[in-house]
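Topology and contacts: notes
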Amino acid sequence: MGALVALGALSALWALFLWAELVVARSGGTAFCAVGEGIDCVALWDGDFASSVHKLTRLPVAGWGLLWGLLATAFPLLALTSKAEGGPSIPAVTATRIIGAVGALSTVVLVGIAAAAGTWCLGCMGTYLFVAAYAAIALWAWRDLG
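This structure is a prediction, so every number in the text was calculated from the model and none was measured.

**Quick notes on the nonpolar core**
By size, the foremost hydrophobic cluster in this structure holds 14 residues, and its most contacted members are Ala31, Cys33, Cys41, Val42, Trp45, Cys121 and Cys124. Broken down by secondary-structure element, the contributors of at least two residues to this core are helix H1 (2-26), helix H2 (41-45) and helix H6 (122-141). For cysteine 41, the contacting residues outside a window of four places in its chain are Ala31, Cys33, Ala34, Trp120 and Cys121. Residues Leu4, Trp68, Ile99 and Ala138 belong to the second largest nonpolar core, which totals eight residues.

Below, the structure written as structure tokens:
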């Protein structure tokens, strides 16, 4: 469970960093991941999908990543706390698995959008790795927890 807490926290911090990079890019600066043709996070961040998400929810995709990371940290932490206090941890384990599945599904969708655009984001790939590791642990390694 500690690994999930760490992965959730790292993912939240990474999303916060990417959000800051988005602000830098939109302020006229250069984001760290704007490598060039085909590898340009700003092109994805300003693309149709990300712009629609931002306009509809008033939160950029990186903001949703931050929210996911915070929940991905909180749920396994709650499971650890419940277990340490001798209480039931099943609701927190279930919530952890749901957030892992939502993250995995979101990653598949975002990778598909990047592939369709023909542009990749190095920063986003870091997020995908955190989420994939989290989902693998939450969905498969935790099977014995019920």
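**Some thoughts on the layout of surface pockets**
Counted as a void, the largest pocket has a volume near 750 Å³. Val61, Ala62, Trp64, Gly65 and Leu110 are, among the 36 residues lining the largest pocket, the residues nearest its centre. At the level of elements, H1, H2, helix H3 (48-57), helix H4 (61-84), helix H5 (90-117) and H6 are the ones that each hand at least two residues to the lining of the largest pocket. For the lining of the largest pocket, the element with the most residues is H5, which contributes 10 residues. Tallied by class, residues from the lining of the largest pocket come to 26 nonpolar, eight polar and two charged.

**Comments concerning the packing of H4 against H5**
At their nearest, the axes of H4 and H5 sit 8 Å apart, and the two run at 155° to each other. By the angle between their axes, H4 is roughly antiparallel relative to H5. By crossing handedness, the relation of H4 to H5 is classed as left-handed. For the pair H4 and H5, the contacting residues are Val61, Trp68, Leu71, Ala72, Phe75, Pro76, Leu78 and Ala79 in the first and Ala92, Val93, Ala95, Thr96, Ile99, Gly103 and Leu110 in the second. A per-class count over the contact of H4 with H5 returns 13 nonpolar, two polar and no charged.

Reading the values: rules and limits
- Residues numbered from 1 in each chain as written.
- Predicted model: local features only at pLDDT ≥ 70, side-chain atom pairs only at ≥ 80, totals over all residues.
- Heavy atoms only, no water.
- Core = buried A, V, L, I, M, F, W, Y, C linked by side-chain atoms within 4.5 Å.
- Buried < 20%, exposed > 50% of the residue type's maximum accessible area, 1.4 Å probe, protein only.
- Helix = DSSP H or I, 4+ residues; strand = E, 2+ residues; numbered from the N terminus.
- Contact = heavy atoms within 4.5 Å.
- 1 Å grid on protein atoms, 1.4 Å probe; cavity = no way out; pocket = protein on both sides within 12 Å on 5 of 7 lines; lining within 4 Å.
- Points joined across faces, edges and corners; volume = space filled by probe spheres on them.
- Nonpolar A, V, L, I, M, F, W, Y, C, P; charged D, E, K, R; others polar.
- Axes fitted to C-alpha atoms, helices over the stretch in contact; angles between N-to-C directions.
- Parallel < 35°, antiparallel > 145°, perpendicular 65-115°, else oblique.
- Left-handed = near helix turned anticlockwise from the far one by under 90°.

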